[in-house]
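Each chain, letter by letter, is given below.
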Amino acid sequence: MKPKSEISLQLYQKLLDRGYQERFCDLVTQNLNTDFTAQRMIFYLSHYSELPEGEIVDEMLAILSDRNQIMQKKQLEHSNAVYNEYLNSRKRFEESESGEM
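As the structure is a prediction and not an experimental result, all values here were calculated from the model.

### What to know about the pattern of salt bridges
Taken as a whole and assessed by the stated rule, the structure comprises five salt bridges. Of the charged contacts, one joins Asp 26 and Arg 23 as a salt bridge, the two residues approaching to 3.8 Å between their closest N and O atoms. Here Arg 23 and Asp 26 lie together in helix 2 (residues 22-31), a separation of three residues that amounts to about one turn. On the basis of relative accessibility, which here comes to 51%, the residue Arg 23 falls in the exposed class. Among the salt bridges present, the one from Glu 94 reaches Arg 90, with a minimum N-O distance of 3.4 Å. One end of the pair, Glu 94, and the other, Arg 90, are both in helix 4 (residues 53-98), four residues apart, so they sit about a helical turn from each other. Note on Glu 94: relative accessible area 44%, which makes it partly exposed.

### Some words on the packing of helix 1 (residues 6-17) against helix 2
The description of two helices packed together rests on the angle between their axes and the distance between the axes. For the pair helix 1 and helix 2, interaxial distance at closest approach is 9 Å and the crossing angle is 150 degrees. By the criterion of interaxial angle, the relationship of helix 1 to helix 2 is roughly antiparallel. Judged by the twist between their axes, the crossing of helix 1 over helix 2 is right-handed. Packed against helix 1, whose contacting residues are Ser 8, Leu 11, Tyr 12, Leu 15 and Leu 16, the element helix 2 presents Glu 22, Cys 25, Asp 26, Val 28 and Thr 29 at the interface. Taken together, the residues that form the contact of helix 1 with helix 2 break down as six nonpolar, two polar and two charged.

### Digging into a nonpolar patch on the surface
Among the surface-exposed residues, Tyr 83, Tyr 86 and Leu 87 lie close enough to one another that they form a single nonpolar patch of about 300 Å² accessible area. Along the chain, Tyr 86 falls in helix 4.

### A word on the packing of helix 2 against helix 4
Axis separation between helix 2 and helix 4 bottoms out at 10 Å; the angle between their running directions is 10 degrees. In terms of axis orientation, helix 2 runs roughly parallel to helix 4. Along the contact surface, helix 2 presents Phe 24, Leu 27, Val 28 and Asn 31, while helix 4 presents Glu 53, Ile 56, Val 57, Met 60, Leu 64 and Arg 67. Its residues assigned to classes, the contact of helix 2 with helix 4 shows seven nonpolar, one polar and two charged.

Criteria and thresholds
Residues numbered from 1 in each chain as written. Predicted model: local features only at pLDDT ≥ 70, side-chain atom pairs only at ≥ 80, totals over all residues. Heavy atoms only, no water. Salt bridge = Lys/Arg side-chain N within 4 Å of Asp/Glu carboxyl O. Helix = DSSP H or I, 4+ residues; strand = E, 2+ residues; numbered from the N terminus. Buried < 20%, exposed > 50% of the residue type's maximum accessible area, 1.4 Å probe, protein only. Axes fitted to C-alpha atoms, helices over the stretch in contact; angles between N-to-C directions. Parallel < 35°, antiparallel > 145°, perpendicular 65-115°, else oblique. Left-handed = near helix turned anticlockwise from the far one by under 90°. Contact = heavy atoms within 4.5 Å. Nonpolar A, V, L, I, M, F, W, Y, C, P; charged D, E, K, R; others polar. Patch = residues over 30% accessible without salt bridge, like charges linked within 9 Å, V, L, I, M, F, W, Y side chains within 5 Å. Areas by Shrake-Rupley, 256 points an atom, 1.4 Å probe, with all protein chains shown as cover.

This is the structure:
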């Protein structure tokens, strides 16, 4: 698993400071191990003084789902750009073969 980011370590400490068990804090920050995901959880926590562990887990899963959708969108955009470049280069090649321009 990827090492924890600096902000993920801050999240770990915030959870500990709120009285959650070390194992729980570790599991959350193992999954939210990037600055982006850990920062989202820190923002979420800042709106509440106390939350049951289940609420934190639900938010963690929502954050991970959002992150996965963003990553998938970026992959699809890249694939689409590559395909469009292929089509454009093929069109340019066909035009140069036929003597058009």
